[in-house]
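# Architecture and fold: a report
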Amino acid sequence: ITNPPIGRTVIGKWLDNHINGGITTIYRENGKLFIERNFEDGSSLKQEAAERLSPLGRRFEAKERSEEGDYFVIDKSGNLQQRDKQGLIATAKKID
């Protein structure tokens, strides 16, 4: 496991066993919040994010919102829920 770059504060890291699988990391770097997803096929997606209040837990969504309204919630167990307008899509387990 590599250490995060200097100036990066990792909020959490989760293992996603959903369709595309991989690791999702939410972190703050140079005052900005990011959601980074590294998929099993080697591809990745990094999006600047915003944190909003939610009764479900800490809610994070990409600044460029999708049509489906995708967002993430860190639940009370520390796991990461992927949700959209329809509700829960998948839950990823927290790692390290």
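Residues numbered from 1 in each chain as written. Predicted model: local features only at pLDDT ≥ 70, side-chain atom pairs only at ≥ 80, totals over all residues. Heavy atoms only, no water.

## Structural notes on the overall build of the chain
Just so we agree on the cut-off: Segments assigned H or I by DSSP are reported as helices when at least four residues long, segments assigned E as strands when at least two residues long, and all are numbered from the N terminus. In this treatment the radius of gyration is a C-alpha quantity, and the globule benchmark scales as 2.2 Å times the residue count to the 0.38 power. Classification of residues uses two cut-offs on accessible area relative to the type maximum, computed with a 1.4 Å probe and protein chains only: under 20% is buried, over 50% is exposed, and between them is partly exposed. When checking whether two residues touch, look at their non-hydrogen atoms; a contact exists if any pair is within 4.5 Å. All accessible-area figures derive from a Shrake-Rupley calculation using a 1.4 Å probe, and residue coverage is judged against the displayed protein chains alone.
Scanning the chain for helices and strands turns up 0 helices and 8 strands. Secondary structure elements of the chain occur, N-terminal to C-terminal, as β-β-β-β-β-β-β-β. A compact globule built from 96 residues should have a C-alpha radius of gyration of about 12 Å, and the chain, at 13 Å, falls within 12% of that. Once the C-alpha set of the chain is aligned to its principal axes, its extents read approximately 35 × 30 × 25 Å. Of all 96 residues assigned to the chain, the portion counted as buried reaches 41%. A sequence separation of at least 24 residues applies to 20% of the contacts in the chain between residues at least 6 apart. Accessible surface, the chain: about 6,300 Å² in total, of which carbon and sulfur atoms supply 48%.

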